[in-house]
Amino acid sequence: MKKEVIYLAGGCFWGLEKYMQVIPGVLDAVSGYANGVWEKERALTYKDVCTGLTGFRETVKVEYDSERVSLEALLFSFFSVIDPTVENRQGHDIGSQYQTGIYYVNEEQEAVINRIAGLEKERYSRFVVEIAPLKVFYAAEEEHQNYLTRNPGGYCHISPGQIALAGKMLVDPAKYKRPAKEEIKRRLTPEQLHVTQESGTEPPFRNTYWDFFEKGIYVDVVSGEPLFSSGDKYASNCGWPAFCRGIDANALFLTSDDSHGMQRVEVRSRAANSHLGHVFADDPESPNGIRFCINSASLRFIPYDKMEEEGYGYLMDKVKESHRVSG
């Protein structure tokens, strides 16, 4: 075990503490207050922080085994449950104590944080998450520790579904870093570049995988991050590869898309921010009603008998035969 620690401010610490605790590889999460100023002799309290005069942020100290879960995985998880575009608030909570932030303890962490934050900034028009070295941290009062465990119905801006999803994390994004822009241009075809980097769309019925049903997995063509299994691919009349779910839902970034006069939900990859396609509900052809409509140009297929060789052996038991419907 290699124990490390990172400090994350994500609004009300009750929810972020519980959220971090369920991630495989996290050893402990402690609610507290970070990076303010307190010069009085008595202990800092929640009431003091709520005045907004101390500069402290509600922060969770996350201890983790870096041999089981990476800092990248924790950061991507953190960003998936905050709104990085708002200042001094999260959810219904308003005040400087709810400012989002990431506070690091060494230069190695700083480099990883800046890389992930740089990628996250591409997803939003505004980004106000504080990134700074940890200056000071005080653990919160005992009544705030493990609050949602003791009060399951307590308030939280992070939903139970999001917490449950974090506990099922399977793919670690640290293994699938996005290459430099010049390397991406060198590796990909013009169509792959257009789709993944410019949010383009390939022609229906005239793409590699729309009617392809071999056993294996589909990975992000840019980073190699595993995204979909052949066991969740089904025959669809849409003309593009259709999947009813991802291998690990944590690896898929969903965002609203109002382009072309439509209201849709765009699907992007977590580790590389590649445009993949869109997701739709109530698809009668889908085994569960969900259709991830994905561009072939954003994917690379790894045959089942090549998965071990290419480093995806840990996912082999997740691959089943496709939901192929004979025509």
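These notes cover the structure that comes with them. Given the structure is predicted, the values throughout are model-derived calculations rather than measurements.

Analysis parameters
All chains use their own residue numbering, which begins from 1 and follows the written sequence. Only residues with pLDDT of at least 70 get local features here, since the model is predicted, and only at 80 or more are side-chain atom pairs given and counted; chain-wide, interface and lining totals rely on the full set of residues. Side-chain descriptors were evaluated using all non-hydrogen atoms of the structure, hydrogens and water having been removed beforehand. Here a Phe, Tyr or Trp ring, Trp counted by its six-membered ring, pairs with any other such ring whose centre lies within 6.5 Å, and the pair is stacked when the planes are under 30 degrees apart, edge-to-face when over 60, and tilted otherwise. Numbering of helices and strands starts at the N terminus; helices are DSSP runs of H or I of at least 4 residues and strands are runs of E of at least 2. Counting as a charge over the ring demands two things of the Lys NZ or Arg CZ atom: a distance within 6 Å of the ring centre and an angle within 35 degrees of the ring normal. Side-chain atoms within 4.5 Å are what join buried Ala, Val, Leu, Ile, Met, Phe, Trp, Tyr and Cys residues into a set we call a nonpolar core. Only protein chains enter the area calculation, which uses a 1.4 Å probe; residues under 20% of their type maximum are buried, those over 50% are exposed, and those in between are partly exposed. Residue contacts are counted whenever heavy atoms from the two residues lie within 4.5 Å of one another. Any two strands with at least two DSSP-identified bridges between them are counted as paired. What counts as an axis is a line fitted to C-alpha atoms, over the stretch in contact for a helix, and the angles between N-to-C directions run from 0 to 180 degrees.

## Observations concerning the packing of aromatic side chains
- In total, this model carries 18 aromatic pairs according to the counting rule given.
- Relative to Phe-301, the ring of Phe-212 lies with its centre 4.9 Å away and its plane at 80°, an arrangement referred to as edge-to-face. Taken together, the residues Phe-212 in the loop between helix H8 (190–198) and strand E9 (216–220) and Phe-301 in strand E16 (residues 299–303) connect sequence positions 89 residues apart.
- Members of the aromatic cluster, each reached through a chain of ring pairs, are Tyr-209, Phe-212, Tyr-218, Phe-228, Phe-243, Phe-292 and Phe-301.
- When the ring centre of Phe-253 is taken as reference, the NZ or CZ atom of Arg-123 above it lies at 4.3 Å.
- Lys-215 extends its terminal NZ or CZ atom over the ring of Tyr-304, reaching a point 4.2 Å from the ring centre.

## Thoughts on the nonpolar core
- Grouped together as the largest cluster of nonpolar side chains are 47 residues, with contacts concentrated most on Ile-6 and Met-20.
- In terms of residue count, helix H3 (residues 71–80) provides more of this core than any other element does, 7 residues in total.
- For Met-20, the residues in contact, after removing those within four places along its chain, are Leu-8, Val-26, Ala-29, Val-62, Leu-74 and Phe-78.
- Formed by 14 residues, the second largest nonpolar core is a distinct cluster that contains Phe-212, Leu-227, Phe-228 and Val-279.

## Structural notes on the sheet that holds E16
- An order of E10-E9-E16 is seen for the 3 strands of this open sheet, with the pairing classed as antiparallel. Each end of this open sheet is capped by a strand with a single partner; those strands are strand E10 (226–229) and E16. In this sheet, neighbouring strand axes are inclined to one another by 30° on average, regardless of whether the strands run parallel or antiparallel.
- As paired elements, E9 and E10 share 3 bridges and run antiparallel to each other. Bridge pairing in E10 places Tyr-218 opposite Phe-228.

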